[in-house]
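Structure at a glance
Below are the chains, spelled out letter by letter.
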Amino acid sequence: GRQQRTVDPNAPRRGDDMTFRLDIDFDEAVFGSERTIDLDLPAQCTQCNGTGAAPGSQRVTCKTCGGRGVVISGGGFFQMRQTCPHCGGDGTVIEKPCKECRGSGHVTKTQHISVKIPAGVDSGSRLRLAGQGAGGLRGGENGDLYVLLGVRESDIFEREGLDLFVDIPVSPVTAALGGIVNVPTPQGEAQLKIPAGTPNGKVFRLRGKGITSFRGGMPGDVDARIVIEVPASLNRK
């Protein structure tokens, strides 16, 4: 069989990476924001310094596997090697577990973490916060925290990538004779001149008025759809 790699159970171990989902408003995704979140994360136990052993105690050779970290079952030509269920493959066990962390080396602590959300993110965007994940063991470095963003829908815009779609209500008179209409954009209202005889559903593109990507590059566009509002009731005039 393949030679087993020996792992020092007392060596520093890096903390696990953690993932947290954060829902934000549409405006936060467009303009960016800063949030403070409270998370209960594993931190290194200060009582045992992440060893899991009570002060004055130490790790001893596992009696189940004899320190090999694996147990062998079967005989003859066929043998099965499995990770020792008692020591988890370390080959040693804690003689007297720490009372504070119950031998795990970790305790749960509430962390106040500041998250800077860049402008232009979208649902599914993932932010990496280095060293903000689970605490390491025996002096190992912390893992990373990945913040998975979910963006709530806008009451005004529909978003496709960096482009925005918005419905612009106009009167039949303005659509027939032409005129100036106001179009909302992330930068504020923009004026759009529509020609005479503009049909319902006509789309006018305002280039560069959309969302700017947090990765850089050219911003998206705003596509304004004309919606002709026919009056519900008409008098004789």
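So, a few notes on the structure that sits alongside this text. (Residues numbered from 1 in each chain as written. Predicted model: local features only at pLDDT ≥ 70, side-chain atom pairs only at ≥ 80, totals over all residues. Heavy atoms only, no water.)

A look at the overall build of the protein
Of regular secondary structure, the protein possesses two helices and 15 strands. Relative to the compact-globule value of 18 Å for 237 residues, the protein shows a C-alpha radius of gyration of 31 Å, a clear excess of over 25%. For the C-alpha atoms alone, the extent of the protein along its principal axes is close to 100 × 45 × 35 Å. Relative to its full complement of 237 residues, the protein shows a buried share of 35%. Within the structure as shown, the protein displays about 15,200 Å² of accessible surface, and the carbon and sulfur contribution to it stands at 47%. (Helix = DSSP H or I, 4+ residues; strand = E, 2+ residues; numbered from the N terminus. Rg over C-alpha atoms; globule rule 2.2 N^0.38 Å. Buried < 20%, exposed > 50% of the residue type's maximum accessible area, 1.4 Å probe, protein only. Areas by Shrake-Rupley, 256 points an atom, 1.4 Å probe, with all protein chains shown as cover.)

Looking at the pattern of salt bridges
For the coordinates displayed, the defined rule picks out 13 salt bridges. Residue D221 pairs with R207 through a salt bridge whose shortest N-O separation is 3.7 Å. Of the two residues, D221 sits in the loop between strand 14 (203-206) and strand 15 (222-228) while R207 sits in the loop between strand 14 and strand 15, which places them 14 residues apart along the sequence. What makes D221 buried here is its relative accessible area of 11%. (Salt bridge = Lys/Arg side-chain N within 4 Å of Asp/Glu carboxyl O.)

A short note on the packing of aromatic side chains
What describes a pair of aromatic rings is the distance from one ring centre to the other and the angle between the planes of the rings. If you walk through the whole model with that rule in mind, you get one aromatic pair. With a centroid separation of 6.1 Å and an interplanar angle of 20 degrees, the aromatic rings of F26 and F157 are classed as stacked. In this pair, F26 is assigned in helix 1 (residues 26-31) and F157 in the loop between strand 9 (145-151) and strand 10 (158-160), connecting sequence segments 131 residues apart. For the pair formed by F26 and F157, the shared burial category is buried. Here the guanidinium or amino end of R126 rests over the ring plane of Y146, the centre of that ring lying 4.2 Å away. Taking the ring centre of F204 as reference, the NZ or CZ of K202 above it sits at 5.8 Å. (Phe/Tyr/Trp six-rings, centres within 6.5 Å; stacked < 30°, edge-to-face > 60°. Lys NZ or Arg CZ within 6 Å of the ring centre and 35° of its normal.)

Describing the sheet that holds strand 11 (residues 163-170)
Pairing in this open sheet of four strands is mixed, and the strands run 10-11-15-14 from one edge to the other. The strands lining the two open edges of the sheet, one partner per strand, are strand 10 and strand 14. Neighbour-to-neighbour, the strand axes of this sheet turn through a mean angle of 30 degrees, independent of strand direction. Inspection of the sheet shows strand 10 paired to strand 11 by three bridges, in the antiparallel sense. What sits directly across from E160, in strand 11, is D163. (Pairing = 2+ DSSP bridges. Axes fitted to C-alpha atoms, helices over the stretch in contact; angles between N-to-C directions.)

Details of the sheet that holds strand 9
Spatially, three strands are ordered 1-9-8 in an open sheet, and the strand pairing comes out mixed. The open sheet is flanked by strand 1 (18-24) and strand 8 (126-129), the only strands paired with a single partner. Taken over all neighbouring pairs, the strand axes of this sheet differ in orientation by 25 degrees on average, direction set aside. In this structure, strand 1 lies alongside strand 9, joined through seven bridges in parallel fashion. Within strand 9, the residue paired with I24 across the bridge is V151.

A short note on unusual backbone geometry
With a phi close to 60 degrees, N49 is a non-glycine residue in the positive phi region. Assignment of secondary structure puts N49 in the loop between strand 2 (33-44) and strand 3 (59-61). Overall, the relative accessible area of 48% leaves N49 in the partly exposed class. Positive phi, normally seen in glycine, also occurs at R138, with a value near 55 degrees. Along the chain, R138 falls in the loop between strand 8 and strand 9.

Shape descriptors only; they carry no functional weight alone.
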